[in-house]
Structure formats: C-alpha cells, structure tokens
Amino acid sequence: MILEELSNAIGVSGEEDDVREIIVGAIESQVTDLQVDALGNVTGIQRGAEQPDFTVMIAAHMDEIGLMATAVEANGLIQFTAVGGVDARILPGLRVKVGTKRKPGVVLWKPIHLWRDMKTVSMDALRIDVGATDKSAAAPGDRIAFDSRYTQLSEKVARGKSFDDRVGCSILVDILQAGPYPVTVAAAFTAQEEIGLRGATVAAQRLQPQAAIVLEGTYAYDVPDPKREADAGDLPANPGTRMGGGAVLTLSDRQMITDPRALAFLRDTAEADDITYQVKTMGGGGTDGGAIHLAQAGIPTMPISAPCRYIHTPSALLNLDDYRSVLSLSKAVLRRITPDTFRRA
C-alpha cells in the first residue's frame, strides 16, 4: 500500500505531475504499453492469463481539489479561486502550499473580533498570506494545495488529504501488483476528474474496454445530524454510508445510474467471497464512471468506493478495513467476470 506517499503528494487538477511520477514508478514493472497521454493520464495494460481479449478498465483519479492564484496584490496577498469542489467555510486559517516551490502560506480572514456578521464565508473575501510584501508572492495560475500530512490515528484509522482519490490510486497499484488475472486489465490513473471527468473521457475512448471498475473515495455519512436525530429517535444519525461498513456500491449519483446487472454482479461477488459491503443510497457527487459508461456504445461500469469522513478537506479519515474490502472485491470481480456477465438475453 502506497497510500501515505500518494496522500502526501500534491496534484491539484491539471498539475498532477508529482502523483504521476509516484504511480509510474510503482507500476512500470507490472504493465506493458505504459503511456502518459496529452491530458496527463497514466495508462498501462496487464494481459489476462485466460481471457486476454476481454478487457476491464480500472480507473482511479490522481487529481485533488485545491485552489488557484488569480492575482497578487501590491502588499503580497494572493487572490484565488477554487479548483474543484472546495467549501469556502473550511478555508479561514488553513495552512496551504503555493506554486511549484510549495511556498508555505495561510488563508487570511479577518479575526472574529472585527466581524459583526459571521454567518457566511465568501471566497472572494479571503486571501492567502505567504509572508511576502510585494507581487513576487505568486503568479496567476499557480496551484495551491492543502498543507497536510498522512497520519495513522490508530491501528485501523488513517487521516490525510486527498483520499478522494488517492485511496483509489493506491488500491489500483495493489491490484496490478497482485496480478495478472484471467482477464486483461487496462489501468487508468486519470487526470482532472474533479473539474469534469476530463481524463476519464479521453482514457475510455482510447482503451476501449468491455467493462469498467471505478475506484473512489466517497463520503461517509456517519456524522451527527441533530435535526434527524430529533425527528427519528433511535434511528442512525444518517441513512447513507458509514466508515467501517465495507466497500461502497453506488445505486446512482449525479453522473450515472449503475446498471442493475452490474450492481447484482457486485453484490453476488461480495457475498460469495464474504466481503463486507454497503450500498450508497444518496445520489450526490459523481465519479469517473459518469464519463466511462457513456464511451463507445456504452460500457458496463462498476463504481466501488471506500467511505471516508470529511473528504474534500485537508483531514479525511479512512478505516483501513474498508480499504481492504474494496481491494478484495475488485480482485474478486477480475477473477469472476466473463464476456457473458453483462450480455443481454
């Protein structure tokens, strides 16, 4: 598992270079036809031992959400915009790293003493301070990443940034290192998922698989919801996924509806191998599957996710048992899938 190294690496959308270098080093001896395409996707082929003409694409995106410098004021403060789904409410006071030189900085906001109305946080009211006093602080277009390090909180729980989707990238590396499988695996470590599934769109068109798995770090809903607790008495705090509940299978999200045949196949495979899983019933978010399932004439696509608390923040939490469940289920799928799995009668 190379999750710690991947989590600590910086790769805001469109500038995934450091993550890509780690991945290429980890898989170059496991695949053939290793390529980096024009968008920055890393792809490689691991030929199947029994059914080499049946190809399963496995995608995991390398990029993370972050910020981008848009202007630098005369006093050295940096104006910025979001890259991907950044919630402005988490930003005041956060430590960040600016540009390719990773300048340390902090997101500046007026202290509480000077605010009368603290109800909202507007991103355009925030600045980043790197200790500069002139416009040399940054250049427009510089990516800005959260300054956070991977930490093991307990034997089972890890904390770090970019678990969406460095968790999936690490699992895909593990899958390749445990191969080959009966079918051919077309691995795709994709770029720019957080800003519109762009890398996956290109990779699926080029790889032309017969089926696909998408590995993701998804949101865990096992956090307090006082309103629902008050209304529902002893019911769980939230009805969605929970950390420690196993691999997450998705009914639908904003980008796709999982094919019922794919969902049934995943459930049957998990139950046959006694792999812990849960089903995500809330339809928010999206994955690279939204692009992959629409490629060619349509590709049966199976999202398999690890539930993480506090994704899209500098400090997501992951239960490593969930990581292992996703890994085990993915490998079981590759052992069990055949050209007839999704064939319509």
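Starting afresh in each chain, residues are numbered from 1 along the sequence in its written order. Confidence filtering applies because this is a predicted model: local features only for residues at pLDDT of at least 70, side-chain atom pairs given and counted only at 80 or more, and all residues used for totals across whole chains, interfaces and linings. Only hydrogens and water are removed before side-chain values are computed, so all heavy atoms of the structure are retained for them.

Participant: Could you give an account of the overall build of the chain, naming the residues involved and the relevant values?
Facilitator: Put simply, DSSP H or I for four residues or longer makes a helix, DSSP E for two residues or longer makes a strand, and each gets a number counted from the N terminus. A count of helical and extended segments in the chain gives eight helices and 17 strands. On C-alpha atoms alone, the chain measures out to a radius of gyration of 21 Å, which is about the 20 Å that the 2.2 N^0.38 rule sets for 345 residues. Across its three principal axes, the chain shows a C-alpha extent of roughly 65 × 55 × 40 Å. The classification of residues rests on relative accessible area computed with a 1.4 Å probe and restricted to protein chains. Under 20% of the type maximum is buried, over 50% is exposed, and intermediate values are partly exposed. A total of 345 residues make up the chain; the buried ones form 53% of that total. Method for areas: the Shrake-Rupley scheme with a 1.4 Å probe, in which residue coverage is limited to the protein chains shown. Of the roughly 15100 Å² of accessible surface on the chain, a fraction of 49% belongs to carbon and sulfur atoms. The charge count includes Lys and Arg as positive and Asp and Glu as negative, but it does not include His or the ends of the chains. All charge positions are set by atom: Lys at NZ, Arg at CZ, Asp at CG, Glu at CD. Distance between charge centres in the chain, computed from 35 positive and 44 negative side chains, equals 4 Å. Note that the radius of gyration is over C-alpha atoms, with the globule rule given as 2.2 Å times the number of residues to the power 0.38.

Participant: Describe the pairing of strand β2 (residues 42-46), with residues and values.
Facilitator: Regular strands place their side chains on alternate faces of the sheet. For β2, a buried count of five out of five residues is recorded, marking the element as mostly surrounded by other parts of the structure. Of the two faces of β2, the one lined by Val 42, Gly 44 and Gln 46 and the one lined by Thr 43 and Ile 45 are each fully buried. Two strands pair when backbone bridges link them, and strand β1 (residues 32-36) and β2 are joined in this way by three bridges, in the antiparallel orientation. If you follow Val 36 over to β2, its bridge partner there is Val 42. DSSP bridges decide pairing: two strands pair if at least two such bridges lie between them. The hairpin formed by β1 and β2 contains five residues between the paired strands, and Gly 40 there has a positive phi angle of roughly 100°.

Participant: Give me the lowdown on the environment of Gln 296, citing residues and values where you can.
Facilitator: Residue placement: Gln 296 occurs in the loop between α7 (289-292) and β16 (301-309). On the basis of relative accessible area, Gln 296 is assigned to the partly exposed category, the value being 45%. With 92 residues separating them along the chain, Gln 296 and Ala 204 place their C-alpha atoms 8.2 Å apart. Note on definitions: a residue-residue contact is assigned when non-hydrogen atoms from the two residues lie within 4.5 Å. Residues within four places of Gln 296 in sequence aside, it is in contact with Ala 204, Gln 208 and Pro 209. At a separation of 3.3 Å, a polar atom in the side chain of Gln 296 contacts the main-chain carbonyl oxygen of Pro 209. Any pair of N or O atoms that falls within 3.5 Å is considered a polar contact. Within protein, one atom must be able to donate a hydrogen and the other to accept it, and sequence-neighbouring residues count only if both atoms are side-chain atoms.

Participant: Kindly report on the side chain of Asn 319, identifying the contributing residues and their values.
Facilitator: Relative to the elements of secondary structure, Asn 319 occurs in strand β17 (residues 316-319). Dropping the residues within four chain positions of it, Asn 319 is found in contact with Lys 156, Met 243 and Gly 244.

Participant: Pulling in residues and values, what's your account of the nonpolar core?
Facilitator: A general tendency of soluble globular proteins is for nonpolar side chains to be buried together. Grouped together as the largest cluster of nonpolar side chains are 61 residues, with contacts concentrated most on Phe 189 and Leu 215. For Leu 215, the contacting residues outside a window of four places in its chain are Ile 58, Ala 59, Ala 60, Asp 165, Gly 168, Ile 171, Leu 172, Ile 175, Ile 304, Val 326 and Ser 330. Put simply, a nonpolar core is a bunch of buried Ala, Val, Leu, Ile, Met, Phe, Trp, Tyr and Cys residues held in one set by side-chain atoms that sit within 4.5 Å of each other. Among the nonpolar cores identified, the runner-up in size contains 22 residues, and Leu 67, Val 72, Val 86 and Ala 137 belong to it.

Participant: Just give me the short version of helix α8 (residues 320-336), but keep the residues and values in it.
Facilitator: Every α-helix winds through 3.6 residues per turn, so residues three or four apart in the chain are directed the same way. Multiply 1.5 Å by the residue count of a helix minus one, and that product is the helix's expected span. Under the 1.5 Å per step criterion, the end-to-end length of α8 is 24 Å for 17 residues, consistent within 8% with the ideal 24 Å. Residues of α8 that are buried include every one of Leu 320, Asp 322, Tyr 323, Ser 325, Val 326, Leu 327, Leu 329, Ser 330, Ala 332, Val 333 and Leu 334, and no others.

Participant: For the environment of Ala 145, give the residues involved together with the corresponding values.
Facilitator: Among the secondary structure elements, Ala 145 is positioned in strand β9 (residues 143-146). Sequence spacing of Ala 145 and Asp 273 is 128 residues, and the spatial spacing of their C-alpha atoms is 39 Å. Leaving out residues up to four positions away in the same chain, Ala 145 has contacts with Ile 10, Val 12, Glu 64, Arg 95, Val 96 and Lys 97.

Participant: Outline the packing of helix α3 (residues 163-177) against α8, supporting the account with residue identities and numerical values.
Facilitator: One way to put it is that α3 packs onto α8 with a least axis distance of 10 Å and a crossing angle of 45°. Taken as axis vectors, α3 and α8 run oblique relative to one another. As for the relative orientation of α3 and α8, their crossing is right-handed in sense. Of the residues in α8, those touching α3 at Val 167, Ser 170, Ile 171, Asp 174 and Ile 175 are Tyr 323, Val 326, Leu 327, Ser 330, Lys 331 and Leu 334. Under the grouping applied here, Gly and all other residues not named as nonpolar or charged are polar, the nonpolar ones being Ala, Val, Leu, Ile, Met, Phe, Trp, Tyr, Cys and Pro and the charged ones Asp, Glu, Lys and Arg. Its residues assigned to classes, the contact of α3 with α8 comprises seven nonpolar, two polar and two charged. Axes, fitted as lines to C-alpha atoms, cover a helix only where it is in contact. Angles between the N-to-C directions of the axes lie from 0 to 180 degrees. Here the word oblique covers every angle except those under 35 degrees (roughly parallel), over 145 (roughly antiparallel) and from 65 to 115 (roughly perpendicular). Less than a right angle of anticlockwise turn of the near helix away from the far helix marks a crossing as left-handed, whereas a clockwise turn marks it as right-handed.

Participant: Pulling in residues and values, what's your account of the environment of Arg 159?
Facilitator: Here Arg 159 lies in strand β11 (residues 157-160). The spatial distance from the C-alpha of Arg 159 to the C-alpha of Arg 309 is 9.4 Å, given a sequence separation of 150 residues. Beyond its immediate chain neighbours, meaning those up to four positions away, Arg 159 contacts Arg 149, Tyr 150, Thr 151, Leu 153, Ser 315, Ala 316 and Leu 317.

Participant: So what about helix α4 (residues 198-207)? Which residues, and what values?
Facilitator: Burial in α4 covers these residues: Gly 199, Ala 200, Ala 203, Ala 204 and Leu 207. Mapping the buried residues of α4 onto a view down its axis gives an arc of 120°, with all of them on the same face. Next to the buried residues of α4 lie β2, β3 (51-61), β12 (183-190) and α7. Note on α4: the residue one or two positions beyond its end, Gln 208, has a positive phi of about 50°. Directions from the helix axis toward the C-beta atoms define the arc.

Participant: Could you give an account of the pairing of β16, with specific residues and numbers?
Facilitator: Across the nine residues of β16, eight count as buried, placing the element largely inside the fold. Direction of pairing for strand β13 (residues 211-219) relative to β16: parallel, over a ladder of eight bridges. Paired with Gly 217 across the bridge in β16 is Ala 306. Pairing analysis gives two bridges linking strand β14 (residues 247-250) to β16, with the strands arranged antiparallel. Its bridge partner lying in β16, Val 248 is registered against Ser 305. As defined by bridge partners, β16 adjoins β17 across two bridges and the pair is classed as antiparallel. If you follow Arg 309 over to β17, its bridge partner there is Leu 317.

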